[in-house]
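Now for the letters of each chain:
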Amino acid sequence: VQLQASGGGVVQAGGSLKLSCEASGGTFTFSNIIVAWFRQAPGKERDFVARITWDWGSASYADSVKGRFTISRDKAKRTVYLQMNSLKPEDTAVYYCASGGLGRMETAAPSYDYWGQGTQVTVSS
């Protein structure tokens, strides 16, 4: 499975961005797959942001983004999106998408098998 993340950029605080994660190859037509977004700021660990189940579209979020970010997926396009609204300077990071199987600790980066290359999001104050 190859994941291609895109959509990052520079935005002012309070603004919005929409990230995309397109999957190719692999078995995304099968059940029990989840796709997540993580982010990593300089000098910090890679933190969970949100995840969605491929089959049912069930979503969950980190407390820090709940109510501001929305994760969704388009099965036909094999793409997962992260709509980010009301952005804050502390949202600045490289954002990564990742995929893995259900039944693991979904907020932990080691639970995911495949990773995209990351896309930079910078929020200016």
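Details of the structure are given in the entry above.
Quick notes on the rules
Residues numbered from 1 in each chain as written. Predicted model: local features only at pLDDT ≥ 70, side-chain atom pairs only at ≥ 80, totals over all residues. Heavy atoms only, no water. Helix = DSSP H or I, 4+ residues; strand = E, 2+ residues; numbered from the N terminus. Buried < 20%, exposed > 50% of the residue type's maximum accessible area, 1.4 Å probe, protein only. Contact = heavy atoms within 4.5 Å. Polar contact = N/O pair within 3.5 Å; in protein donor to acceptor, adjacent residues only side chain to side chain. Pairing = 2+ DSSP bridges. Axes fitted to C-alpha atoms, helices over the stretch in contact; angles between N-to-C directions. Salt bridge = Lys/Arg side-chain N within 4 Å of Asp/Glu carboxyl O.

A.B. asks: I would appreciate a short explanation of the environment of Tyr112 in the present structure.
C.D. replies: Relative to the assigned elements, Tyr112 resides in the loop between β9 (93-101) and β10 (114-115). Under the relative-accessibility criterion, Tyr112 is labelled buried at 5%. As a C-alpha pair, Tyr112 and Val35 span 77 residues in sequence and 8.6 Å in three-dimensional space. Residue contacts for Tyr112: discarding those within four places in its chain leaves Ile34, Ala36, Phe38, Arg51, Ala98, Ser99, Gly100, Arg104 and Glu106. In this structure the side chain of Tyr112 is engaged in a polar contact, spanning 2.6 Å, whose partner is the backbone oxygen of Glu106.

A.B. asks: I'm lost on the side chain of Arg68 in this one. Help?
C.D. replies: Secondary-structure assignment places Arg68 in the loop between β6 (59-61) and β7 (69-74). Not counting residues within four places of it along the chain, the set of residues in contact with Arg68 comprises Gln83, Met84, Asn85, Ser86, Leu87, Lys88 and Asp91.

A.B. asks: Sorry if this is basic, but what is going on with the sheet that holds β7 here?
C.D. replies: The strands making up a sheet associate through hydrogen bonds between their backbones, and the pairing can be parallel or antiparallel. Pairing in this open sheet of 4 strands is antiparallel, and the strands run β1-β3-β8-β7 from one edge to the other. Each end of this open sheet is capped by a strand with a single partner; those strands are β1 (2-6) and β7. Strand-to-strand twist of the sheet, defined as the mean angle between neighbouring strand axes without regard to direction, takes the value 15°. Two strands pair when backbone bridges link them, and strand β3 (residues 17-24) and strand β8 (residues 79-84) are joined in this way by 6 bridges, in the antiparallel orientation.

A.B. asks: Whenever I open this one, the pairing of strand β11 (residues 119-124) confuses me. Can you help?
C.D. replies: Regular strands place their side chains on alternate faces of the sheet. Here β11 shows a buried face lined by Thr119, Val121 and Val123 and an unburied face lined by Gln120, Thr122 and Ser124. Sheet topology note: the strand β2 (residues 9-12)/β11 ladder contains 4 bridges and is parallel. Bridging from a neighbouring strand, Gly9 pairs with Val121 of β11. Examined bridge by bridge, β9 and β11 share 3 bridges and lie antiparallel to one another. Residue pairing in the sheet places Ala93 in a bridge with Val121 of β11.

A.B. asks: Honestly, the pattern of salt bridges in this entry has me stumped. Any pointers?
C.D. replies: Proximity of charged atoms lets side chains of opposite charge pair with each other. Overall, the coordinates contain 5 salt bridges when judged by the stated rule. Asp91 is paired through a salt bridge with Arg39; the nearest N and O atoms lie 2.8 Å apart. Here Asp91 is found in the loop between β8 and β9, whereas its partner Arg39 is found in strand β4 (residues 33-40), with 52 residues between them in sequence. The buried category is assigned to Asp91, whose relative accessible area is 0%. Exposure remark for Arg39: the relative accessible area of 12% places this residue in the buried category. Here Asp113 and Arg104 are joined by a salt bridge, their closest N and O atoms 3.0 Å apart. Note on Asp113: relative accessible area 43%, which makes it partly exposed. Here the salt bridges do not stand alone but share partners, grouping Arg39, Arg68 and Asp91 into one network.

Fair warning: the whole summary comes from geometry, so function is off the table for now.
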